[in-house]
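Listed here are the chains, written in short residue letters.
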Amino acid sequence: MKMPILLHPDPRLKKLCAPVDDLSDSLRVLADDMLETMYDAPGVGLAAPQVGQLVRLFVLDCIKEEGEEARPMVMFNPEIVAASEEMNVYEEGCLSIPEHYAEVKRPKVVDVRWLDRDGREQTDTFDGLWATCFQHELDHLNGKLFIDHIGAMKRQMITRKMQKLKREQARA
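A few words now on the overall build of the chain. Counting its secondary structure elements, the chain contains three helices and seven strands. Counting from the amino terminus, helix and strand elements in the chain follow one another as α-β-β-β-β-β-β-β-α-α. Since a compact globule built from 172 residues should have a radius of gyration of about 16 Å, the 16 Å found for the chain is in line with a globular shape. Taken along its principal axes, the extent of the C-alpha atoms in the chain is 45 × 40 × 35 Å. Within the span of the chain, comprising 172 residues, buried residues form 43% of the whole. Of the contacts formed within the chain by residues at least 6 apart in sequence, a portion of 65% connects residues at least 24 apart. With an accessible surface of roughly 9,300 Å², the chain has 49% of that area assigned to carbon and sulfur atoms. Of the side-chain charges in the chain, 23 are positive and 30 negative, and the distance between the mean point of each set is 10 Å.

Next up, the structure:
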């Protein structure tokens, strides 16, 4: 089921999310719904707080090439185990801040660990877009947005534009 995506500013997007202690069927359904929502948006990642659920869960699929097979990933309690000193700059956007983008500098490579949809521990090394996306979504679980990594003036300008968009949507 497609879910509504919260728009910045919303206090739920700034909250620290709780770890998943028991992987219930309702959390698996949430993950499936989040994947459907992410693909429909369209996006490459979606974190649970973006759909109003304050749990440590996000979904990813950074395959963007036409004809390449999708690689949907469901990640409960994701964490970075190690990060490279080498940095990468990527122009990031966010489904909660539509049509706004900014260059964000993050580690180029991350070693990560998470629980999959079946509760099994997984590990992997992500590079490039996958590493950026993982870190972006992990930030959401810690109450941070990509605009928290940019200068104050640009962040304030984006926030004002988002407040205006939300007012316009409320009137419609």
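Before going further, it helps to spend a moment on the pairing of strand S5 (residues 97-107). In this structure, strand S4 (residues 87-94) lies alongside S5, joined through seven bridges in antiparallel fashion. When the bridges of S5 are listed, Glu 92 appears paired with Ala 102. Connecting S4 to the next strand, S5, in antiparallel fashion are two residues.

This next bit is on the pattern of salt bridges. Applying the stated criterion across every chain yields a total of 13 salt bridges. Close ionic contact of Asp 25 with Arg 28 constitutes a salt bridge, the shortest N to O distance being 3.3 Å. Of this pair, Asp 25 and Arg 28 both sit in helix H1 (residues 25-40), three residues apart, roughly one helical turn. Given a relative accessible area of 18%, Arg 28 falls into the buried group. Residue Glu 168 is joined to Lys 164 by a salt bridge in which the shortest nitrogen-to-oxygen separation is 3.9 Å. On the criterion of helical spacing, the pair formed by Glu 168 and Lys 164 is a turn pair, its members being four residues apart in helix H3 (residues 152-171). Judged by relative accessible area, Lys 164 falls into the partly exposed class, the value being 46%. In this structure, a network of salt bridges that share partners links the residues Glu 92, Arg 106 and Asp 139.

Calculation criteria
Residues numbered from 1 in each chain as written. Predicted model: local features only at pLDDT ≥ 70, side-chain atom pairs only at ≥ 80, totals over all residues. Heavy atoms only, no water. Helix = DSSP H or I, 4+ residues; strand = E, 2+ residues; numbered from the N terminus. Rg over C-alpha atoms; globule rule 2.2 N^0.38 Å. Buried < 20%, exposed > 50% of the residue type's maximum accessible area, 1.4 Å probe, protein only. Contact = heavy atoms within 4.5 Å. Areas by Shrake-Rupley, 256 points an atom, 1.4 Å probe, with all protein chains shown as cover. Lys, Arg positive; Asp, Glu negative; His and termini not counted. Charge placed at Lys NZ, Arg CZ, Asp CG, Glu CD. Pairing = 2+ DSSP bridges. Salt bridge = Lys/Arg side-chain N within 4 Å of Asp/Glu carboxyl O.

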